[in-house]
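Chain by chain, the residues:
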Amino acid sequence: MDWKIFALIFTSIFIAELGDKSQIAIMLFAADKDVNKFTIFIVASLVFIISAAISVLAGNLLSNYINEKYLQYAAGIGFVVIGLLTLYKA
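Let us look at the structure shown here.

**Overview of the layout of surface pockets**
By volume, the largest pocket amounts to about 1000 Å³. Taken together, 19 residues form the lining of the largest pocket, with Ile9, Ile13, Ala52, Ser55 and Val56 sitting closest to its centre. For the lining of the largest pocket, the elements supplying multiple residues, two or more each, are α1 (3–17), α3 (37–65) and α4 (68–89). A total of 10 residues in the lining of the largest pocket trace back to one element, the largest contributor, which is α3. Split into classes, the residues belonging to the lining of the largest pocket amount to 11 nonpolar, 6 polar and 2 charged. In this structure, the second largest pocket spans a volume of roughly 240 Å³. What lines the second largest pocket is Ala16, Gly19, Asp20, Lys21, Phe79 and Ile82.

Structure below.
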């Protein structure tokens, strides 16, 4: 395993996920005293695993048809547009 790539991916995704809507939803479920915390952890983990698997498969499929450089440009532009829309709505 390439630990440099591992650390880059881990750090990027960890920072991107901090405080997002998914995390807030999980905290709200965990705040319910009648819900088993282990169940919340398992379900949330499965959701993230499935979501990540879909992302990896989609990225792999797209890379067969579109140059990686253009995919990176599209992702970067997408993040900038989302950021600008978020600022505009704030």
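**Some remarks on the packing of aromatic side chains**
One pass over the full model with this rule turns up 4 aromatic pairs. Relative to Phe6, the ring of Trp3 lies with its centre 5.2 Å away and its plane at 65°, an arrangement referred to as edge-to-face. Residue Trp3 and its partner Phe6 are both found in helix α1; the two are separated by 3 residues, about one turn of the helix. The class of Phe6 is partly exposed, set by a relative accessible area of 41%. Between Tyr70 and Tyr73 the ring centres are 6.5 Å apart and the planes differ by 55°, which places this aromatic pair in the tilted class. Taken together, the residues span about one helical turn, with Tyr70 and Tyr73 both in helix α4 at a distance of 3 residues. On the basis of relative accessible area, Tyr70 is assigned to the exposed category, the value being 52%. By way of ring pairs, the aromatic residues Trp3, Phe6, Phe10 and Phe14 are connected into one cluster.

Criteria and cut-off values
- Residues numbered from 1 in each chain as written.
- Predicted model: local features only at pLDDT ≥ 70, side-chain atom pairs only at ≥ 80, totals over all residues.
- Heavy atoms only, no water.
- 1 Å grid on protein atoms, 1.4 Å probe; cavity = no way out; pocket = protein on both sides within 12 Å on 5 of 7 lines; lining within 4 Å.
- Points joined across faces, edges and corners; volume = space filled by probe spheres on them.
- Helix = DSSP H or I, 4+ residues; strand = E, 2+ residues; numbered from the N terminus.
- Nonpolar A, V, L, I, M, F, W, Y, C, P; charged D, E, K, R; others polar.
- Phe/Tyr/Trp six-rings, centres within 6.5 Å; stacked < 30°, edge-to-face > 60°.
- Buried < 20%, exposed > 50% of the residue type's maximum accessible area, 1.4 Å probe, protein only.

Scope: geometric values only; no functional claims are made or implied.
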